[in-house]
Amino acid sequence: MLSRRHLLTGATLLAASAAIPRAWAQAPTGPFKLDPLPYAPSKNEPHIDAQTMEIHHGKHHAAYVNNLNTALSQNAEAAKMPLQDMLANLSKVPESIRPAIRNNGGGHANHTMFWQIMGGSGGEPSGDLKAAIDRDLGGFQKFQADFNTAGERQFGAGWVFVTVSRDGKLALVSRPNQDTPLMDGQRVLMGNDVWEHAYYLKYQNRRPDYLKAWWNVLDWNRIGQRYAAAKAGTLTI
């Protein structure tokens, strides 16, 4: 007989699969592709389990890429644009594909950033990035607390971001669904995904626990590189 734990696990997996955006059975070709994770799916254990990483990257992110390419197959001119420019100029994208570009282009940009900044061992930032956090966000401890609070307060699905300007100024913002500050012409230093598919297998409805644990897998060297790239004008997504 199946145990109650097995039944619950199966139900949770079905729920997670149902939440995946619809993607074509055979991935369409197009200008965008799903890069492999830059580390093993188990790298963020025990804070983010390997199964969540595999589903999140290989199913959810893959669906955003496939659906983005499908939408762009309807407009050759839009398909030529870099993703950050496409998202910053959604009003110029044909109305017939604009919702698909917003949702799936935003999802692709957000998740590409998300994988890059994890796989580390947590700790605290240093150097210029630490100085910027102290200056603009009230120091690391206050920044962590404010970031976690923003994540807890985000109703339903969405993201919490830190934006970075060309002069290195930081700001904390939240966005619903797969919206991104790129849509406002800003650049994203880092961000956390608070959609349930990012944490539900391990944390169920305990989003605050997930938010606190996430800091243990950040790669501050990589985030520092993104900060330097933003100041140099070379940061894209």
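Residues numbered from 1 in each chain as written. Predicted model: local features only at pLDDT ≥ 70, side-chain atom pairs only at ≥ 80, totals over all residues. Heavy atoms only, no water.

(A) Representation of helix H9 (residues 207-214) in the model. Among the residues of H9, Arg207, Tyr210, Leu211, Ala213 and Trp214 are the ones counted as buried. Buried residues in H9, looked at end-on, bunch into an arc of 165°, giving them a common side. On the buried face of H9, the contacting elements are helix H5 (98-117), helix H7 (140-153), strand E3 (187-193) and helix H8 (200-203). (Buried < 20%, exposed > 50% of the residue type's maximum accessible area, 1.4 Å probe, protein only. Helix = DSSP H or I, 4+ residues; strand = E, 2+ residues; numbered from the N terminus. Arc of directions from axis to C-beta. Contact = heavy atoms within 4.5 Å.)

(B) Structural context of the pattern of salt bridges. The final tally for this structure, using the stated rule, is nine salt bridges. The partner of arginine 102 in a salt bridge is aspartate 179, with the nearest N and O atoms 3.0 Å apart. With arginine 102 in helix H5 and aspartate 179 in the loop between strand E2 (170-176) and E3, this residue pair connects regions lying 77 residues apart in the sequence. Look at aspartate 179 and you get buried, because its relative accessible area is 12%. One salt bridge in this structure joins aspartate 136 and lysine 169, with 3.6 Å as the shortest N-O distance. One end of the pair, aspartate 136, is in helix H6 (residues 127-137); the other, lysine 169, is in the loop between strand E1 (158-164) and E2, and 33 residues separate them in sequence. By sharing partners, the salt bridges in this structure join Arg135, Asp136 and Lys169 into a single network. (Salt bridge = Lys/Arg side-chain N within 4 Å of Asp/Glu carboxyl O.)

(C) Structural context of the pairing of E3. Of all the seven residues making up E3, six are buried; the element is thus mostly covered by neighbouring parts of the structure. Where E1 and E3 come together, six bridges link them in antiparallel fashion. Residue tryptophan 159 lies in a different strand from E3, and its bridge partner there is aspartate 193. (Pairing = 2+ DSSP bridges.)

(D) Highlighting the pairing of E2. Bridging between E1 and E2 involves seven bridges; their strand directions are antiparallel. Note on E2: the bridge partner recorded for threonine 163 is alanine 171. Here E1 hands over to E2 after five residues, with glycine 168 in that stretch at a positive phi of 90°.

(E) The UniProt feature "binding site: Mn(2+)" (unreviewed entry) in the chain, seen in detail. Summarizing the sequence annotation, UniProt attributes the feature "binding site: Mn(2+)" (unreviewed entry) to His56, His111, Asp193 and His197 in the numbering used throughout. Across 142 residues in sequence, these annotated residues keep their C-alpha atoms within 12.4 Å of one another, forming a single compact spot. Along the chain, the position of histidine 111 falls in helix H5. Excluding residues within four positions of it along the chain, histidine 111 makes contact with His56, His61, Tyr64, Trp159, Gln178, Asp193 and His197. Side-chain polar atoms of histidine 111 contact the side chain of histidine 56, separated by 2.9 Å. Turning to its location among the elements, aspartate 193 is positioned in strand E3. Ignoring anything within four residues of it in the chain, the contact list for aspartate 193 reads His56, His111, Phe114, Gly158, Trp159, Ala198 and Tyr210. (UniProt positions renumbered as here; feature names shortened; annotations may be inferred. Polar contact = N/O pair within 3.5 Å; in protein donor to acceptor, adjacent residues only side chain to side chain.)

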